[in-house]
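# Structure assessment
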Amino acid sequence: MLFRSMHAVQYGLFSGQIGQDVNRTPDKMFEAGLTCQACHIFHDDISTSKYDEDTAEPTGATCERCHGEGYNNLFNQWRDVMASKRAIVKKSIEIVEDQLAKNEPPKLKKYIITPLLDRAKYNYDIVERANIVHNVAFSDQLLTKVSNDLERIIDELNLNIT
């Protein structure tokens, strides 16, 4: 995937302006006019950053600054649920790629499945690289699109995936 920087991928997810064949879905905080600094700010009491120029890595405690006590539980739930979904989708990509390596598809089918697999890997890579917390709903939408594309590949090739 070609992006100028990791920040470009993260901002693309946050703004909902990245991904292939999906509806653009900006994060609610983006729609409210917040910028990256709303979460990635230097907090002496919760950041491990030692210098003002460091970008603080947000935690659930960062969310509680604005959203109130207990919001970190939601942050942790998002992270854990999406990590599970990401792992399932990653495994599915690996299985499909393995099956394709073992069974060369007919040339006409390649014209269908190659773009599907490329799009699936592209959309998965966004979620993998950008950190789902930047836009949980859009990350879920991207992973759903990946799953749908993989299912179509499996159907097109009559693969027996167990």
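Note that the structure is predicted; figures quoted are calculated from it, not measured.

Looking now at the packing of aromatic side chains. Scanning all chains against the criterion turns up three aromatic pairs. Taken together, the ring pairs connect Tyr11, Phe14 and Phe30 into an aromatic cluster.

This part takes up the state of the cysteines. Within this structure, the stated rule accounts for zero disulfides. Its sulfur unpaired, Cys66 is 7.4 Å from the next cysteine sulfur, which belongs to Cys39.

Moving on to the layout of surface pockets. For the largest pocket, the calculated volume is near 970 Å³. Taken together, 41 residues line the largest pocket, and the ones lying closest to its centre are Cys39, Pro58, Phe75, Val133 and His134. Elements with a contribution of two residues or more to the lining of the largest pocket: α1 (6–15), α2 (28–31), α3 (60–67), α4 (71–102) and α6 (136–156). Top element by residues in the lining of the largest pocket is α4. It accounts for six residues. Tallied by class, residues from the lining of the largest pocket come to 20 nonpolar, 14 polar and seven charged. Counted as a void, the second largest pocket has a volume near 190 Å³. If you go around the second largest pocket, you meet 14 residues; those closest to its centre are Ile88, Val89, Ser92, Ser147 and Leu150. Elements that contribute at least two residues to the lining of the second largest pocket include exactly α4 and α6. The element contributing the most residues to the lining of the second largest pocket is α6, with seven residues. When the residues that make up the lining of the second largest pocket are grouped by side-chain class, the tally is eight nonpolar, three polar and three charged.

Cut-off values and rules
- Residues numbered from 1 in each chain as written.
- Predicted model: local features only at pLDDT ≥ 70, side-chain atom pairs only at ≥ 80, totals over all residues.
- Heavy atoms only, no water.
- Phe/Tyr/Trp six-rings, centres within 6.5 Å; stacked < 30°, edge-to-face > 60°.
- Disulfide = S-S within 2.5 Å.
- 1 Å grid on protein atoms, 1.4 Å probe; cavity = no way out; pocket = protein on both sides within 12 Å on 5 of 7 lines; lining within 4 Å.
- Points joined across faces, edges and corners; volume = space filled by probe spheres on them.
- Helix = DSSP H or I, 4+ residues; strand = E, 2+ residues; numbered from the N terminus.
- Nonpolar A, V, L, I, M, F, W, Y, C, P; charged D, E, K, R; others polar.

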